[in-house]
Amino acid sequence: MKPIVAANWKMNLTLLESHALLEEILNQSKSTDAKVIFFPSFISLPSICDKLRDAQYAVGGQNISDKESGAYTGEISASMLQSLNAHYVIIGHSERRQFYHENDSQINDKILHALNAKLKPIVCIGETLQERQDDETALVLKRQLTAAFENIEQNEHHNIIVAYEPVWAIGTGQTAEENQILEAHKLIKKTLKSIFDNNIPTLYGGSVTADNALSLINIDHVDGFLIGGASLNSESFCQIIKNIT
Ligand code: PGA
């Protein structure tokens, strides 16, 4: 399986800045064996989708509404995103859970809408520092997975990606230790197998850099990365891709 490298640009980059960064990245990594997916802001998404229409790179949204359509001012639906030729969507990122109070049931609704609209969700799960210190990591990961995939059809397994992102490792420069990542990914794969009876690609996210990417990709059950900070710089992002392919 090709490693998946997802660039989550979060609420960064104006339209012009995002195109400039994209251009730099395309110039530096003309062809790659990784599956690269860009997650720009909704402002940059339509033009980036157009630009990458026939390219080997894919595009996705950072979020969708938990509602299908209607009077929900400011929201963006799964089918709107799909109409742009975007193929992926990040769901349940810890920043959405933490700052916008998204709960497991909304995350489940979003996944259902994404799959109905033929979008592939990257479903983020991960424990907080407090939960890890309280020895609740396994419990939290299992709860998040079970709730996220309630009522999802078995045959959707090939459309789903999961990202393990310990909350305390996101944007902090403190990458999780290799044994912590291994343990979490083992548990995640096992839990997913019990839900879908199939192997689901599982990414790691949390302070991935060009320096640690190679050792992280060599951890068993790590199928790629969801990258925030290091994806905002063309050199570090392209170096990560180079180092793991
Ligand atoms: P980071 O973010 O790479 O800046 O830690 C990862 C993420 O939020 O997906």
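Residues numbered from 1 in each chain as written. Predicted model: local features only at pLDDT ≥ 70, side-chain atom pairs only at ≥ 80, totals over all residues. Heavy atoms only, no water.

### With respect to the site of the ligand
In step 1: Taken together, 13 residues are adjacent to the ligand, and Lys-10, His-93, Glu-165, Gly-171 and Ser-207 come closest.
In step 2: A distance of 2.6 Å separates an oxygen atom of the ligand from a polar side-chain atom of Lys-10.
In step 3: Between an oxygen atom of the ligand and a side-chain N or O atom of Glu-165, the distance comes to 2.6 Å.
In step 4: Summarising the interface, the protein chains cover 95% of the accessible area of the ligand, which totals 280 Å² for the free molecule.
In step 5: Among the residues making up the shell around the ligand, the classes are represented as four nonpolar, seven polar and two charged. (Near = heavy atom within 4 Å. Polar contact = N/O pair within 3.5 Å; in protein donor to acceptor, adjacent residues only side chain to side chain. Areas by Shrake-Rupley, 256 points an atom, 1.4 Å probe, with all protein chains shown as cover. Nonpolar A, V, L, I, M, F, W, Y, C, P; charged D, E, K, R; others polar.)

### With respect to helix α5 (residues 104-116)
In step 1: With 13 residues, α5 extends 18 Å between its outermost C-alpha atoms, agreeing within 8% with the 18 Å of an ideal straight helix rising 1.5 Å per residue.
In step 2: Turning to α5, its buried residues number three or more, namely Asp-104, Ile-107, Asn-108, Lys-110, Ile-111, His-113, Ala-114 and Leu-115.
In step 3: Positive backbone phi, at 65°, marks Lys-118, one or two positions downstream of α5. (Helix = DSSP H or I, 4+ residues; strand = E, 2+ residues; numbered from the N terminus. Expected span 1.5 Å × (residues − 1). Buried < 20%, exposed > 50% of the residue type's maximum accessible area, 1.4 Å probe, protein only.)

### Some remarks on the environment of Lys-51
In step 1: Along the polypeptide, Lys-51 turns up in helix α2 (residues 45-51).
In step 2: Using a relative accessible area of 39% as the deciding quantity, one classes Lys-51 as partly exposed.
In step 3: Taking the C-alpha atoms as reference, Lys-51 lies 9.7 Å from Leu-22; in sequence the two are 29 residues apart.
In step 4: Residues contacting Lys-51, with those up to four places away along its chain left out, are His-19, Leu-22, Glu-23 and Leu-26. (Contact = heavy atoms within 4.5 Å.)

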